[in-house]
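In case you want the letters, here they are:
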Amino acid sequence: MAIKRRKVSVIGGGFTGATTALMVAQKELADVVLVDIPDQEGPVQGKALDMLEATPVEGSDVNVVGTADYSDTKDSDVVVITAGIARKPGMSRDDLVNTNAGIMKSVTEQIVKYSPDTYIIVLTNPADAMTYAVYQASGLPKNRVIGQSGVLDTARFRAFVAQELQVSVEDVQGFVLGGHGDDMVPLIRYSSVGGVPLTKLLSQDRIDSIVERTRKGGGEIVSLLGNGSAYYAPAAALTQMVEAIVKDKKRILPTIAYLEGEYGYNDIYVGVPTILGGDGIEKVIELDLTEDEKSDLSTSVDSVKSVMKLLPQN
Ligand SMILES: NC(=O)C1=CN([C@@H]2O[C@H](COP(=O)(O)OP(=O)(O)OC[C@H]3O[C@@H](n4cnc5c(N)ncnc54)[C@H](O)[C@@H]3O)[C@@H](O)[C@H]2O)C=CC1
Ligand SMILES: O=C([O-])CC(=O)C(=O)O
């Protein structure tokens, strides 16, 4: 049988979805199907055609289509969910839970109808609870349903540290644990620059201020944009996760993973370090935490649990 190109579907053709589709196509990772509601079929077809017309310039041999018909997503290797509403200034991510939980259920049913063995990456906020909702609605095993928060949160942290130290972003490593909210837990003990512990390079005051800016990083962009939330960095994060799966890279990345006893938690999706490869979340990595770190993680998990209580079936 001839070898076929990979297929990635992106549900939601708004800011994050369209940007992700473009990045996946530009990196020649897969053919891309961009899906939106029937009301948005024209615009999403237009965006996809525009991206397709960029492929000769990029030298990228992939197809890009826009559609409102889920049968076009048939046999997707990976599906990225960005469908739903985004917050506006003055709102928290958790304010989106009711509307977006309904959207997760309906889009997930359509996704698994046409791609019963796919890997799903969830971006829609509140991301931890929405990943749980997709897991429940999909019936897929836990390794095939993955949420995005940590790659973005860590990228913000790395960008701020690199700017502060005037060094390459590539050399800054970090880890963010916990829910995708203002009480996320950047792990300073596991953060380093070119192998040198961060605490040797920056004062506690500067580290504290970078941690605070990282925690509120989503809100900083929401205030500046005025009518929506971040999309370039979120799309870059999603694209890195798609790449880890379709190329079986076995990257160690923080993702929103289903926990069954790891870190002392059960039946919850929350951000932890994982190995992400050709079989989705292949392993949750358990780090040793200090009492303070455990307590910060517990606060963050409590926030996720309080949002999960608002999901229709809980
Ligand atoms: N987890 C994370 O790190 C991040 C999460 N987000 C979240 O991602 C979501 C999307 O954000 P944006 O793309 O900026 O919003 P957007 O408003 O630009 O796009 C959302 C798109 O979803 C579509 N949509 C709505 N219901 C749908 C359905 N049933 N089926 C298919 N498409 C549907 C809309 O028509 C719209 O085109 C928001 O919930 C936002 O909070 C955004 C950035 C980072
Ligand atoms: O802040 C938001 O609403 C969007 C998001 O999750 C982020 O940019 O981290």
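Scroll up to find the structure.
Reading the values: rules and limits
- Residues numbered from 1 in each chain as written.
- Chains lettered and ligands numbered in written order.
- Predicted model: local features only at pLDDT ≥ 70, side-chain atom pairs only at ≥ 80, totals over all residues.
- Heavy atoms only, no water.
- Near = heavy atom within 4 Å.
- Polar contact = N/O pair within 3.5 Å; in protein donor to acceptor, adjacent residues only side chain to side chain.
- Areas by Shrake-Rupley, 256 points an atom, 1.4 Å probe, with all protein chains shown as cover.
- 1 Å grid on protein atoms, 1.4 Å probe; cavity = no way out; pocket = protein on both sides within 12 Å on 5 of 7 lines; lining within 4 Å.
- Sits in = over half its atoms within 2 Å of the grid points.
- Helix = DSSP H or I, 4+ residues; strand = E, 2+ residues; numbered from the N terminus.
- Nonpolar A, V, L, I, M, F, W, Y, C, P; charged D, E, K, R; others polar.
- Points joined across faces, edges and corners; volume = space filled by probe spheres on them.
- Buried < 20%, exposed > 50% of the residue type's maximum accessible area, 1.4 Å probe, protein only.

1. Some remarks on the site of ligand 1
Here comes step 1: By nearness alone, 28 residues border ligand 1, and Phe15, Thr16, Asp36, Ile85 and Leu123 come closest of all.
Here comes step 2: Within the side chain of Thr16, a nitrogen or oxygen atom sits 2.6 Å from an oxygen atom of ligand 1.
Here comes step 3: Within the side chain of Asp36, one N or O atom sits 2.6 Å away from an oxygen atom of ligand 1.
Here comes step 4: Here ligand 1 loses 86% of its free accessible area of 860 Å² to cover by the protein chains.
Here comes step 5: Given that more than half its atoms are within 2 Å of the pocket grid, ligand 1 belongs to the largest pocket.
Here comes step 6: Mapped onto the shell around ligand 1, the elements with two or more residues apiece are helix H1 (15–26) and helix H3 (97–114).
Here comes step 7: The residue inventory of the shell around ligand 1, partitioned by class, reads 15 nonpolar, 12 polar and one charged.

2. Here's the deal with empty space enclosed by the protein
Once rolled over the atoms, a probe with the size of a water molecule shows which space is left empty.
Here comes step 1: All chains considered together, the criterion is met by one cavity of 30 Å³ or more.
Here comes step 2: Taken as a whole, the largest cavity holds about 30 Å³ of empty space.
Here comes step 3: Broken down by secondary-structure element, the contributors of at least two residues to the lining of the largest cavity are H1 and helix H2 (41–58).
Here comes step 4: Here the element with the most residues in the lining of the largest cavity is H2; it accounts for four residues.
Here comes step 5: Of the residues contributing to the lining of the largest cavity, the split by class is four nonpolar, three polar and one charged.

3. Notes on unusual backbone geometry
Here comes step 1: For the bond running from Asn125 to Pro126, omega is -5°, close enough to zero to count as cis.
Here comes step 2: Positionally, Pro126 belongs in the loop between strand S5 (119–122) and helix H4 (127–138).
Here comes step 3: The phi torsion at Gln166 lies on the positive side, around 55°, for a residue other than glycine.
Here comes step 4: Relative to the helices and strands, Gln166 resides in the loop between helix H5 (150–165) and strand S7 (172–173).
Here comes step 5: Gln166 gets classed as exposed once you look at its relative accessible area, which sits at 69%.
Here comes step 6: Although it is not a glycine, Asp248 adopts a positive phi angle of roughly 45°.

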